[in-house]
Amino acid sequence: DFSPLYREAKTVLGEQLDERTDVYALGAMAYEFLTGKPLFPHDTKDWNALAKDRRKVVGVPERITPVLEKALALDREERWPTTEVFAKSLMEAAQQ
């Protein structure tokens, strides 16, 4: 089970998990890895607000920004369909 900071806020509130939830978690971890800062503060308590709040991806190379933004989309339908597709897209962007 992921820390709530790496979980899509809607799942903390009880929505069902699916592979796009994993895409979000990997996107949040990649963001923190690349920036040295979590996507949301570690003392976050208001999961309802986070379920509606889209964080702007800043502090990463420009070529990687759209890949992470897609992984972190609030609407699951807008995310990468699988973790494999996300990983491949991230690697391709990093190698440009």
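Refer to the structure above for everything that follows.
Read on for a plain summary of the structure. (Residues numbered from 1 in each chain as written. Predicted model: local features only at pLDDT ≥ 70, side-chain atom pairs only at ≥ 80, totals over all residues. Heavy atoms only, no water.)

### Some remarks on helix H5 (residues 83-94)
Here is step 1 of the chain: Taking 1.5 Å of rise per residue, 12 residues should cover 16 Å, and H5 covers 16 Å from first to last C-alpha, within 8% of that figure.
Here is step 2 of the chain: Where the residues of H5 are buried, they touch helix H2 (19-35) and helix H4 (65-71). (Helix = DSSP H or I, 4+ residues; strand = E, 2+ residues; numbered from the N terminus. Expected span 1.5 Å × (residues − 1). Contact = heavy atoms within 4.5 Å.)

### Here we look at the nonpolar core
Here is step 1 of the chain: Judged by nonpolar contacts, the single largest core of 18 residues is most densely connected at Leu 39, Leu 68 and Phe 86.
Here is step 2 of the chain: Mapped by element, the contributors of at least two residues to this core are H2, H4 and H5.
Here is step 3 of the chain: Among the elements that make up this core, the one with the highest residue count is H2 (5 residues). (Core = buried A, V, L, I, M, F, W, Y, C linked by side-chain atoms within 4.5 Å. Buried < 20%, exposed > 50% of the residue type's maximum accessible area, 1.4 Å probe, protein only.)

### Things to note about the packing of H2 against H5
Here is step 1 of the chain: Contact geometry for H2 and H5: axes closest at 9 Å, N-to-C directions at 30°. With respect to H5, the element H2 is oriented roughly parallel. Residues Glu 19, Asp 22, Val 23, Leu 26, Gly 27 and Ala 30 of H2 form the contact with H5, whose participating residues are Thr 83, Glu 84, Phe 86 and Leu 90. (Axes fitted to C-alpha atoms, helices over the stretch in contact; angles between N-to-C directions. Parallel < 35°, antiparallel > 145°, perpendicular 65-115°, else oblique.)

### Let's talk about H2
Here is step 1 of the chain: With 17 residues, H2 ought to run about 24 Å at 1.5 Å a step, and its terminal C-alpha atoms sit 24 Å apart, in line with that.
Here is step 2 of the chain: At the exit of H2 stands Gly 36, carrying a positive phi of roughly 80°.

Read these as layout, nothing more, since geometry by itself doesn't imply function.
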